[in-house]
Amino acid sequence: MNRSRFSLLLALLALTGAAQAADSVPLQIELPKPLFAGTPRPISLPNLEKPRTGKRPDLMVPAGTINLSKGKTVTSSDSLPVIGELTFITDGDKSGTDGTYVELGPTPQWIQIDLGATAKVAAVAIWHFHSQARVYHDVVVQVSNDAAFKTGVTTIFNNDDDDSSKLGKGTDQAYIEGYEGKLLDGKGAMGRYVRLSSNGNTSDELNHYCEVEVHGSLVK
Amino acid sequence: MFASALRRWLPLALLTLLAFGLRTYELERRPLHADEANQAVKTGELVEHGRYAFDPRDHHGPTLYYAVLPLAWLRGETTLAALSETTLRLVPALAGTCSVLFLFFLARSLGFGPAFLAAALMAVAPASVYYSRYFIQETLLVSFTLAATLATQRWWQSGRLGWALAAGVALGLMQATKASAPVFVVCALAAALVFARRRPATPHLSRNLALIFGTALGVAALFYSSFGTHAAGLRDAVATYTFTSARAAGDSGHEKPWWYYATLFGWEKNGGLIFQQVGFCALAFTGALLAFATRQTLLRATAVYTLLVFLALSLPPYKTPWHVVHLVPGLAVLAAGTLALIPWRTLAVIATASLLFLQFNQTQLVAFLREADARNPYAYVHSSPDVLKIRALAQAALAARPAGAIRIISEEYWPIPWYLRSFPAGSVGYWSTPPADCDGALIIVSAAQASAVRARLHGDYHESFLGLRPGFLCVVFTPVPPTP
């Protein structure tokens, strides 16, 4: 390959990269108000993720990414929650106040969002409960085209370090709930269903969800 | 004759069984509150080594600890490690069951029906059930107060020395349970004396009173002196009032508005859960008003006693929810009095059944469905269910590193010592600030100190979270096994 052809190839590669970069945009998420009522207890640097100052780093997602989960059907391992309704999870209200979250029973529980069609998942944002500093145990987020999650399962987040939920051992870090929620990179996982599991939290044995947003694009 | 007695007493026997069942069902399911754990470890010292010394600064009276002894022996638990939550909580559970019976006999002058109803309302009262399953002194104090009132009532009416003696013993047990006992004695005396229509039956009043007072003093002295083995306990039994009054006056972190106890009998929606005793409270309030419209002395005295106790508990800024158990017997008698006065039988039956159902429903919520939930008004700064994982964590850590240490580094750590009670003392240590050497087989650190500890650790550690109680998080450090 002579020098001119090599230069041409480099130029083409650079142009392709630039075009791809232009297609990526920061994911815009509307955040609720912080909900720590009263004076918070002195909890400093409790997060296993390095404590962050300033704005959360942007998560870059393909242009055209939309919230696919808004208003979509949600099912759960606890089909009759004592508090709240499963519809709260995708109703767009992530304020976290009473009457905006659903409470699932103790032991590992999951919720599942049916996106209606196969989608390429760019990001998942989760608000379990953010009116108190707490950590949800064994959080696992999976995507699949199989509603039973038996085949073709892609795990995009798993911090169940001892496999107590029997979904495989995870290495992701635990995190403290906050008004910003937890923003996960969907890594382009393909599937119609998104399932989120948890196993109680540091305050009680229950599992809560204010809101879950699945961002991505439907596969034509 | 037998059939008639059976018809009469069978309902009471069944009620007692219900009260006992509610108070003893799955006693181990709720994690130990910090106060319970602290007292449990102190009890373990008594069970295992026979050692007990009254601490006037941070602990209440000795009866709770000594009452565990016979149960522990019966259940074959002779060490701290063997001691179980069930054995510990059986003490208030049995006391709570006895309270129901005491209230029935105390209210007998209202008639069998109202007395039975008062006992039934107490049997299913949310606060009474909840704190009868809670290893603290309050339910014992209620039980001894009711026993003392009952014995005094019987002595007053019959003049029999046996009742005077029983009253003295019960008063002594009250004093040996909690320093606040005189508050309830004074309230009961004030209420009784205002409405006493007859003079006491005994012709030897001063001798009888001396017997009651002497017996009470003797019983209390026995317990505070650790049955004669710790004389300083007698001095401390008096000294404790210095600390108690300082606590009651404020600056304890438990200051609340004066109406706090009333709110526990009202209506509260918290996090989607509804806690209410409006019907019970409304009937009791009506009962208090009716008491003065009728000639029923017991109802009047109960109304005054309950009001005085409410004021005595509400005026000091120091308030904790377990004190409401002292209001339940009075409210139950007053509510039963109202129901008994309903002239239409069908309405009375419907109102009674509805009230019992609502109260039972609330008891189910607070004592069984959300027993350690931060929204539950009785689960006061309660330990998180996460603490139940600590024993397994420690076992796994020491199995991996038998020579390693378990380090608890936190400004607050109860109830952890209870859950680590079976591990050798040399393998578990507690620090309120990070020590120079933080490494160990398992390190549980309050979130506030996690970064300081992390900086002092050598080697790789896996980190996870553990909740000590709502809002108080700990970081758990476990060494990462070396890669083969």
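Per chain, residue numbering runs from 1 following the sequence as it is written. Throughout, the order in which chains and ligands are written sets their labels, letters from A for the former and numbers from 1 for the latter. The predicted origin of the model limits local features to residues at a pLDDT of at least 70 and limits the giving and counting of side-chain atom pairs to 80 or more, whereas totals for whole chains, interfaces and linings rest on all residues.

Colleague: Help me understand the overall build of chain A, please; the structure alone is not making it clear to me.
Modeller: Under the DSSP-based scheme used, a helix requires at least four consecutive residues in state H or I and a strand at least two consecutive residues in state E, with every element numbered from the N terminus. The number of helices and strands found in chain A is 1 helix and 11 strands. When the helices and strands of chain A are read in sequence order from the N terminus, they spell out α-β-β-β-β-β-β-β-β-β-β-β.

Colleague: What is the right way to read the overall build of chain B from this model?
Modeller: Counting its secondary structure elements, chain B contains 19 helices and 7 strands. We take the radius of gyration over the C-alpha atoms and set the globule estimate at 2.2 Å times the residue count to the 0.38 power. Rg of the C-alpha trace for chain B: 25 Å, near the compact-globule value of 23 Å for 484 residues, within the 12% margin. Field definition: a residue is buried when 20 or more other C-beta atoms are found within 10 Å of its C-beta, exposed when 12 or fewer are, and partly exposed for counts in between, with C-beta atoms placed from the backbone. By the burial criterion, 49% of the 484 residues in chain B qualify as buried. Considering only intrachain contacts with a sequence separation of at least 6, the fraction spanning at least 24 residues in chain B is 75%. Residues are scored as being in contact if the C-beta atoms we place from backbone atoms lie within 7 Å.

Colleague: Help me understand the nonpolar core, please; the structure alone is not making it clear to me.
Modeller: Side chains of a nonpolar character, in soluble globular proteins, are inclined to be buried together. Ranked by size, the top nonpolar core spans 195 residues in total, and within it A:Val124, B:Leu103, B:Ala118, B:Leu121 and B:Ala332 carry the most contacts. Top element by residues in this core is helix H4 (residues 85-106) of chain B. It accounts for 12 residues. Beyond its immediate stretch of four places on either side in the chain, B:Ala332 contacts B:Leu103, B:Ala118, B:Leu121, B:Met122 and B:Ala125. Any set of buried Ala, Val, Leu, Ile, Met, Phe, Trp, Tyr and Cys residues joined through C-beta atoms within 7 Å is what this text calls a nonpolar core.

Colleague: Sorry, what's going on with the packing of helix H8 (residues 161-175) of chain B against helix H10 (residues 205-224) of chain B here?
Modeller: When two helices pack together, their arrangement is given by the angle between the helix axes and by the axis-to-axis distance. Residue and element names in this part refer to chain B. Running from amino to carboxyl end, H8 crosses H10 at an angle of 35°, the nearest separation of the two axes being 7 Å. Handedness of the H8/H10 crossing: right-handed. Counted together, Ala 164, Leu 165, Ala 167, Gly 168, Val 169, Leu 171, Gly 172, Leu 173 and Gln 175 of H8 and Asn 208, Leu 211, Ile 212, Gly 214, Thr 215, Ala 216, Leu 217, Gly 218, Val 219 and Ala 220 of H10 form the full contact between these two elements. Considering only residue class, the contact of H8 with H10 consists of 12 nonpolar, 7 polar and no charged. The axes are straight lines fitted to the C-alpha atoms, using for helices just the contacting stretch, and the angles between their N-to-C directions are given from 0 to 180°. Rotating anticlockwise by less than a right angle from the far helix to the near helix defines a left-handed crossing, while the corresponding clockwise rotation defines a right-handed one. Under the convention adopted here, Pro, Cys and the residues Ala, Val, Leu, Ile, Met, Phe, Trp and Tyr are nonpolar, Asp, Glu, Lys and Arg are charged, and Gly plus all remaining residues are polar.

Colleague: How do you make sense of the sheet that holds strand S3 (residues 406-409) of chain B when you look at a structure like this?
Modeller: All names here are of chain B. Two strands make a pair as long as DSSP finds a minimum of two bridges between them. What the 5 strands build is an open sheet, ordered S4-S3-S5-S7-S6; its pairing is mixed. If you trace the sheet from one side to the other, it starts and ends with strand S4 (428-431) and strand S6 (461-469), each paired once. In this sheet, neighbouring strand axes are inclined to one another by 20° on average, regardless of whether the strands run parallel or antiparallel. Here 4 bridges tie strand S5 (residues 442-446) to strand S7 (residues 472-479), and the two strands are oriented antiparallel to one another. Looking at the pairing, Ile 444 lines up with Val 476 of S7.

Colleague: What is the right way to look at the interface of chain A and chain B in this model?
Modeller: It is common to report an interface's size as the accessible area lost on association of the parts. Of the residues lining the interface, 23 residues belong to chain A; the matching set on chain B comes to 24 residues. A class-by-class count of the residues in the side of chain A that touches chain B yields 9 nonpolar, 7 polar and 7 charged.

Colleague: When you look at the domain arrangement of chain B in this model, what are you seeing that I'm missing?
Modeller: All names here are of chain B. Domain start and stop positions are those given by an automatic or database domain assignment. Assigned domains within chain B: domain 1 (2-369) and domain 2 (385-479). Between the C-alpha centres of domain 1 and domain 2 there is a distance of 38 Å. The residue makeup of the side of domain 1 that touches domain 2, split by class, is 8 nonpolar, 3 polar and 1 charged.

Colleague: Just checking my understanding: could you explain the pairing of strand S4 (residues 73-76) of chain A for this structure?
Modeller: A regular strand places its side chains so that they alternate between the two faces of the sheet. Residues and elements named next belong to chain A. Residues of S4 alternate between two faces, with Val 74 and Ser 76 buried on one and Thr 73 and Thr 75 left unburied on the opposite face. Both S4 and strand S6 (residues 109-127) contribute to a ladder of 4 bridges, which runs antiparallel. By the bridge assignment for S6, Thr 75 is matched with Gln 112.

Colleague: Quick question: what am I supposed to make of H8(B) here?
Modeller: Think of an α-helix as 3.6 residues a turn; residues three or four steps apart then line up on the same face. All names here are of chain B. Expected helix span is computed as 1.5 Å times (number of residues minus one). Relative to the 21 Å expected for 15 residues at 1.5 Å per residue, H8 spans 21 Å between its end C-alpha atoms, a close match to the ideal helical length. With 11 of its 15 residues buried, H8 lies for the most part within the structure. Turning to H8, its buried residues number three or more, namely Trp 163, Ala 164, Ala 166, Ala 167, Gly 168, Ala 170, Leu 171, Gly 172, Leu 173, Met 174 and Gln 175. On its buried side, H8 packs onto helix H3 (63-74), helix H7 (138-158), helix H9 (181-195) and H10.

Colleague: When you look at unusual backbone geometry in this model, what are you seeing that I'm missing?
Modeller: Note: most peptide bonds trans; most residues except glycine with negative phi. Of the consecutive residues B:Trp414 and B:Pro415, the connecting peptide bond is found in the cis state with omega at 10°. For B:Pro415, the location among the structural elements is in the loop between S3 and helix H18 (416-419). Non-glycine residue A:Thr107 carries a positive phi angle of around 70°. By the C-beta count within 10 Å, which is 14 here, A:Thr107 ends up partly exposed.

Colleague: Is there a simple way to think about the environment of B:Pro11 in this case?
Modeller: Tracing the chain through its elements places B:Pro11 in helix H1 (residues 2-24). Separated by 433 residues in the primary sequence, B:Pro11 and B:Ile444 place their C-alpha atoms 51 Å from one another.

Colleague: When you look at the environment of A:Pro57 in this model, what are you seeing that I'm missing?
Modeller: Residue and element names in this part refer to chain A. Considering the arrangement of structural elements, one finds Pro 57 in the loop between strand S1 (24-26) and strand S2 (60-62). Under the C-beta neighbour-count criterion, Pro 57 is labelled exposed, with 9 such atoms within 10 Å. Here the alpha-carbon distance between Pro 57 and Asp 91, two residues 34 residues apart in the chain, equals 26 Å.

Colleague: Is there a simple way to think about the pairing of S5(B) in this case?
Modeller: Residues and elements named next belong to chain B. Of all 5 residues that make up S5, 5 are buried, and the element is covered over most of its length. By the alternation rule, side chains of S5 split into Leu 442, Ile 444 and Ser 446 and Ile 443 and Val 445, which are all buried. Across 4 bridges, the pairing between S3 and S5 is parallel. Residue Arg 407 lies in a different strand from S5, and its bridge partner there is Ile 443.

Colleague: Which parts of the structure should I look at to understand the packing of helix H5 (residues 112-123) of chain B against helix H15 (residues 328-340) of chain B?
Modeller: Residue and element names in this part refer to chain B. For the pair H5 and H15, the least separation of the axes is 8 Å and the interaxial angle reads 135°. Between H5 and H15, the interaxial angle falls into the category oblique. In this structure, H5 crosses over H15, and the sense of that crossing is right-handed. Between H5 and H15, the residues in contact are Gly 113, Pro 114, Leu 117, Ala 118, Leu 121 and Met 122 and Val 328, Pro 329, Ala 332, Val 333, Ala 335, Ala 336, Gly 337, Leu 339 and Ala 340, respectively. Among the residues forming the contact of H5 with H15, the class breakdown is 13 nonpolar, 2 polar and no charged. Should an angle fall under 35 degrees it is called roughly parallel, over 145 degrees roughly antiparallel, and 65 to 115 degrees roughly perpendicular, with every other angle called oblique.

Colleague: What is the right way to look at H4(B) in this model?
Modeller: Residues and elements named next belong to chain B. With 22 residues, H4 extends 31 Å between its outermost C-alpha atoms, agreeing within 8% with the 32 Å of an ideal straight helix rising 1.5 Å per residue. Of all the bends in H4, the greatest reaches close to 30° and is centred on Val 91; the proline Pro 92 follows between one and four positions later. For H4, the buried fraction is high: 18 of the 22 residues fall into the buried class. Fitting axes to the seven residues ending at a residue and to the seven starting there, one defines the bend at that residue as the angle between these axes.

Colleague: Teacher, can you tell me more about the confidence of the model for chain A here?
Modeller: Should the pLDDT be low somewhere, the predicted coordinates at that spot are not to be read in detail. pLDDT gives the predictor's per-residue confidence on a scale running from 0 to 100. Scored by pLDDT, chain A comes out at a mean of 83, with 79% of its residues at no less than 70. Contacts for the low-pLDDT stretch residues 35-50 of chain A, under 50 throughout, to residues beyond four places or in other chains number 30 contacts.

Colleague: It is not clear to me how the environment of A:Leu59 should be interpreted in this structure. Could you clarify?
Modeller: Residues and elements named next belong to chain A. Looking at where Leu 59 falls in the secondary structure, it is placed in the loop between S1 and S2. Linking Leu 59 and Gln 28, residues 31 residues apart in sequence, is a C-alpha distance of 8.7 Å. Not counting the four nearest positions on each side in its chain, Leu 59 is found in contact with Leu 27, Ala 123, Leu 183 and Asp 185.

Colleague: Would you take a moment to explain the confidence of the model for chain B for this structure?
Modeller: Model confidence for chain B is summarised by a mean pLDDT of 93, while 99% of its residues fall at 70 or above. Predicted as a complex, the structure gets a pTM of 0.86 and an ipTM equal to 0.78.

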